[in-house]
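Summary of the model geometry
Below, each chain spelled out in residue letters.
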Amino acid sequence: AVSDAERAFSYPELFRDVHALADALKSMGVVACARVAVLADDSYECIVASLALLSMSAAVIPLSTRAQLPECEQIIRDCEVNFLLADARLADREGMRVSAPESFRIELRLVALDKTLRPLRFSDDVAAFVRFSSGTTGVHKGVILSHSSILARTDACVGLRIARGDRALWTLDMAFHFVVTILLFLRRGAEISICPQPMESHLEEALRRTRPALLYATPYHYRLFCNSETLNPEDFSCVKQAVSTAMRMEPDLADAFRRRFRLPVSQAYGIIEVGLPCVNDGRDAAKAASVGRLQPAYRLRIDEPDAEGRGRVMISGPGFFDAYLNPYRTRAEACPDGWFDTGDVGRADADGFLFLLGRAKSVINFWGRKILPQEVEGALLELPGVREARVRPVPSAAFGELPIAEIVGAFDPTELRRHCYARLAPYKVP
C-alpha cells in the first residue's frame, strides 16, 4: 500500500495500524465530528493518521509543514479546531503523547484546543475533510468535503488509469493533494511510494528505485527530469502514464520531456471544490497546451464567451464540495444551478479540448500553490516605513508565476525580507 526508501507496508498492515491508531485516539477523547488538524511531514504516518480519523468520522484539517506557523495558527482559529494531531517535533510539547503503532518512526502528540463540538453534517453524512483554499474566489475559506463526495469524485476519476498493484511515485504535498490522489490510489489498490525529502536531492534515485507505473508531479518536477545529466529513457520504461498537475505545463517543456524520454505527459486539471474534471493524455502534441477533455462524468460550459469563444469556465458533475466553512455557504448556495464557477478563463475547441487562458481574478499561481496579493501586501504594510505596497505576478518557466512587490517607503530591504519570511510561507515572499 505505502512504501518509502526503507519501509514497505501491505494493505493488511496499513489497516492494522489505522485501527490501532484510531483506538488510541478514541481513548484520548477524540470523537466523531471532532475537527482535528493534522500536521506531519509527508509519510506513512501522515497517511495512517488521516485514515484513522476518517474511520472515526472525525473531520480532518490537513496543515502543510511547508507553511509558516502563523498561517497554520490562522487556519486552526478559523476552523475552530478541537484537536491538533502533530509530529512531536512540530507540536506543543505539552500535548499528550499518542500510543502509536510499533511501525511508526514519528512520535505523534495530541493537543486539545477547543472542547466545543461543532458537527458538520450533510443529510445522512458528515464532513471528512476541511481543506483551506484560496484558489478560486480570492479569499481564504474552508472547503468542506463529506465522505460521500470523496467517494463520488474518486469513482469519477478514470482518466489517471491507476489500477490494482500499480506503483505511483509521490512527489507532492499531502496536505494539498490527499483527497484527489492519495485516497484515489488507495481505493484502486495501488502502491504509494513516497519520495524522501529534500525531494530535489532524491528524485532521480527514487525514480530508479521504485520504477513507477504512474508519475504524478508538477511541471517543476518534469523540468528537473529534463535538466538531469544522467537520466535516460530506460529509467522511464515502466511508466504507463506521466501526469502533470497543480499548474499549467508549457508546451515546450512537455515537448522536451517527450523527445528526451519518449514518453508523453498528461495534464490534469484539479480543483479542490470539484475534483479532477479534465485529463489530457498527452498523445496529441498539437493539444499539448490543453488540460484535456472532460472525464465522462463531468460537463463543461463557457459563460460570457467573446468572439473567439473565450469565457468563464463552468463545471458540473459528481463529488462537488458540500459547503464553504468561512463564511458558511452550502453547495446549493454557492452553485445554485449545479454549475461551479472555476474562476478560470478558457475556451474549448471543436474536439472538446479545454484550453485555460488565465484567471478571472488576481490570484498568483506559484507551482500550483495559490498566493493572494492582498495577503502579501498586508504583510508588507505591517513593517514600519512601508507606506504603500502592490503585489503582482510575473511569468516563470519553472514555477508558473512569481510574486513581485512594488513598495513605497523608507526601509531596510534585508529587514523587509526577514519580516516577510517570519509571517508568510516561503513561496509567498515576493
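Bear in mind the structure is a predicted one, so any value in this text is a computation, not a measurement.

1. Considerations on the overall build of the chain
Secondary structure assignment for the chain yields eleven helices and 27 strands. The C-alpha radius of gyration of the chain comes to 21 Å, within 12% of the 22 Å expected for a compact globule of 430 residues. By residue count, 55% of the 430 residues in the chain fall in the buried class. Counting only carbon and sulfur atoms, one obtains 51% of the accessible surface of the chain, whose full area is about 18400 Å². One finds the centroid of the 53 positive side-chain charges in the chain at a distance of 2 Å from the centroid of its 55 negative side-chain charges.

2. Re the pattern of salt bridges
Per the counting criterion, the structure on display carries 38 salt bridges. We note a salt bridge from Arg211 to Glu234, for which the minimum N-O separation is 3.5 Å. One end of the pair, Arg211, is in the loop between α6 (199-210) and β13 (214-217); the other, Glu234, is in the loop between α7 (219-227) and β14 (241-244), and 23 residues separate them in sequence. In this structure Arg211 comes out as partly exposed when scored by relative accessible area, which is 32%. Note on Glu234: relative accessible area 48%, which makes it partly exposed. Between Arg283 and Asp281 there is a salt bridge, and its shortest N-O distance comes to 3.8 Å. The exposure class of Arg283 is exposed, given its relative accessible area of 63%. Members of the salt-bridge network, linked through shared partners, are Arg35, Glu80, Asp114 and Arg118.

3. Observations regarding the packing of aromatic side chains
In this structure the tally under the stated criterion is 20 aromatic pairs. Ring plane angle 35 degrees and centroid distance 5.6 Å describe the contact between Phe129 and Phe178, whose orientation is recorded as tilted. Within this pair, whereas Phe129 is found in strand β9 (residues 125-133), its partner Phe178 is found in helix α5 (residues 174-187), the two being separated by 49 residues in sequence. Measuring from ring centre to ring centre gives 6.3 Å for Trp367 and Phe399, while their planes differ by 70 degrees; the resulting arrangement is edge-to-face. With Trp367 in the loop between β24 (364-366) and β25 (369-371) and Phe399 in the loop between β26 (386-396) and β27 (400-409), the pair connects residues that are 32 residues apart, well separated along the chain.

4. Some words on the sheet that holds strand β2 (residues 8-9)
As summarised here, the arrangement of the nine strands in space is β2-β1-β12-β11-β13-β14-β15-β16-β17, forming an open sheet in which the pairing is mixed. Edge positions in the sheet fall to β2 and β17 (293-294), since each has one partner strand and no second. Taken together, the two bridges between strand β16 (residues 275-280) and β17 define a ladder with antiparallel strand orientation. Bridge assignment links Val279 to a residue of β17, and that residue is Arg293. Contacting β11 (167-170), β12 (191-194) and β13, α6 crosses the sheet at an angle of about 170 degrees to β11.

5. Quick word on the environment of Phe236
With respect to the helices, strands and loops of the structure, Phe236 is situated in the loop between α7 and β14. Accessibility expressed as a relative area gives 3% for Phe236, which makes it buried. For Phe236 and Arg121, which are 115 residues apart along the polypeptide, the C-alpha to C-alpha distance reads 45 Å. Ignoring sequence-local partners within four residues, the contact set of Phe236 consists of Leu207, Leu215, Phe225, Leu231, Phe257, Phe261 and Leu263.

6. Focus: the packing of helix α4 (residues 147-156) against α5
For the pair α4 and α5, the least separation of the axes is 10 Å and the interaxial angle reads 75 degrees. Here α4 is positioned roughly perpendicular relative to α5, judged by the angle of their axes. Residues Ile150, Leu151, Arg153, Thr154 and Asp155 of α4 form the contact with α5, whose own contacting residues are Val179, Val180, Leu183, Leu184 and Arg187. Looking at side-chain class alone, the contact of α4 with α5 contains six nonpolar, one polar and three charged residues.

7. Observations concerning the pairing of strand β15 (residues 265-271)
For β15, the tally of buried residues reaches six of seven residues, placing the bulk of the element in the interior. Inspection of the sheet shows β14 paired to β15 by three bridges, in the parallel sense. Bridging from a neighbouring strand, Val243 pairs with Ser266 of β15. Judged from the four bridges that link them, β15 and β16 form a sheet pairing that is antiparallel.

8. So, helix α2 (residues 44-55)
Taking 1.5 Å as the rise per residue, α2 with twelve residues should run 16 Å; its terminal C-alpha atoms sit 16 Å apart, in good agreement. Counted residue by residue, α2 has eleven buried out of twelve residues, so it is predominantly covered. Every buried residue belonging to α2 is among Tyr44, Glu45, Cys46, Ile47, Val48, Ala49, Ser50, Leu51, Ala52, Leu53 and Leu54, and all of these are buried.

9. Let's talk about the side chain of Arg7
Tracing the backbone through its elements, the reader meets Arg7 in the loop between β1 (2-3) and β2. A distance of 2.9 Å separates a polar atom in the side chain of Arg7 from a polar atom in the side chain of Glu45. Only 3.3 Å separates the side chain of Arg7 from the backbone oxygen of Ser103, close enough to count as a polar contact. Not counting residues within four places of it along the chain, the set of residues in contact with Arg7 comprises Val2, Tyr44, Glu45, Ser103 and Arg105.

10. Notes on the sheet that holds strand β22 (residues 340-348)
Spatial ordering of the open sheet is given by β18-β19-β22-β23, a layout of four strands whose pairing is antiparallel. Edge positions in the sheet fall to β18 (299-303) and β23 (354-359), since each of these pairs with one other strand and no more. Across the sheet, the mean angle from the axis of one strand to that of its neighbour is 50 degrees, orientation sign disregarded. Here four bridges tie strand β19 (residues 311-316) to β22, and the two strands are oriented antiparallel to one another. Bridge pairing links Met314 to Asp341 in β22.

The rules behind the values
- Residues numbered from 1 in each chain as written.
- Predicted model: local features only at pLDDT ≥ 70, side-chain atom pairs only at ≥ 80, totals over all residues.
- Heavy atoms only, no water.
- Helix = DSSP H or I, 4+ residues; strand = E, 2+ residues; numbered from the N terminus.
- Rg over C-alpha atoms; globule rule 2.2 N^0.38 Å.
- Buried < 20%, exposed > 50% of the residue type's maximum accessible area, 1.4 Å probe, protein only.
- Areas by Shrake-Rupley, 256 points an atom, 1.4 Å probe, with all protein chains shown as cover.
- Lys, Arg positive; Asp, Glu negative; His and termini not counted.
- Charge placed at Lys NZ, Arg CZ, Asp CG, Glu CD.
- Salt bridge = Lys/Arg side-chain N within 4 Å of Asp/Glu carboxyl O.
- Phe/Tyr/Trp six-rings, centres within 6.5 Å; stacked < 30°, edge-to-face > 60°.
- Pairing = 2+ DSSP bridges.
- Contact = heavy atoms within 4.5 Å.
- Axes fitted to C-alpha atoms, helices over the stretch in contact; angles between N-to-C directions.
- Parallel < 35°, antiparallel > 145°, perpendicular 65-115°, else oblique.
- Nonpolar A, V, L, I, M, F, W, Y, C, P; charged D, E, K, R; others polar.
- Expected span 1.5 Å × (residues − 1).
- Polar contact = N/O pair within 3.5 Å; in protein donor to acceptor, adjacent residues only side chain to side chain.

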